[in-house]
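Structural features, examined
If you want the building blocks of each chain, they are given just below.
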Amino acid sequence: QVQLVESGGGLVQAGDSLRLSCAASGRPTFSRYAMGWFRQAPGKEREFVAAVSSSGASTRYAGSLKDRFTIYRDNAKNMLYLRMNSLKPEDTAVYYCASDSYSEYVGDYAYWGQGTQVTVSS
């Protein structure tokens, strides 16, 4: 089965940067599938962060995050990344990687990781 494992979360100060990683396994066709990042804060809906096409040539972002976050992938290593700059307390959430869609909608993704916690203090 397809497995996605996030890492790289932690506790940081406002203004700091983090890079989240998502390792994919379970099938030999990682490069065929678009992927995305979502996040969920306590008591809130899971929300779209960013997505990247299968080749990595195209990306999309939630409007409020476009200037600070960058999604990219390394297909040779079956890895997906999210670089987060200038972090704010409101970025605090569990961050999830997901596979098989370029969509901004949760229901369009077939596979999900377990999430990694990002906490930003001020």
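Figured I'd write up the structure that's included with this text. (Residues numbered from 1 in each chain as written. Predicted model: local features only at pLDDT ≥ 70, side-chain atom pairs only at ≥ 80, totals over all residues. Heavy atoms only, no water.)

**Remarks on empty space enclosed by the protein**
In this approach, a probe sized like a water molecule rolls over the atoms, and the result shows the empty space that is left. Condition: Lining residues are those with an atom within 4 Å of a point, where the points come from a 1 Å grid over the protein atoms alone and group into cavities, where a 1.4 Å probe fits but cannot get out, or pockets, open sets with protein on both sides within 12 Å along at least five of seven lines. Grid points are joined across faces, edges and corners, and a volume is the space filled by probe spheres set on the points. Only Asp, Glu, Lys and Arg are considered charged, only Ala, Val, Leu, Ile, Met, Phe, Trp, Tyr, Cys and Pro nonpolar, and every remaining residue, Gly among them, polar.
On inspection of all chains with the given rule, the structure shows 1 cavity of 30 Å³ or more. Reported here for the largest cavity is a volume of approximately 60 Å³. In the lining of the largest cavity, the residues fall into 5 nonpolar, 3 polar and 1 charged.

**With respect to the sheet that holds strand β3 (residues 18-25)**
Heads up, the condition is: Between any two strands, at least two bridges found by DSSP are needed for them to pair. In DSSP terms, a helix is any run of H or I states spanning at least four residues, a strand is any run of E spanning at least two, and both are numbered starting from the N terminus. Axis angles are defined between N-to-C directions and span 0 to 180 degrees, where every axis is a line fitted to C-alpha atoms and, for a helix, only to the segment in contact.
Spatially, the 4 strands line up as an open sheet ordered β1-β3-β8-β7, and their pairing is antiparallel. The outermost strands of the open sheet, each flanked by one partner alone, are β1 (3-7) and β7 (69-74). Across the sheet, the mean angle separating the axes of adjacent strands is 15° when strand polarity is ignored. The pairing of β7 with strand β8 (residues 79-84) spans 6 bridges and is antiparallel. Looking across to β8, one finds that Tyr72 is bridged to Tyr81.

Worth remembering: the numbers are spatial, not functional.
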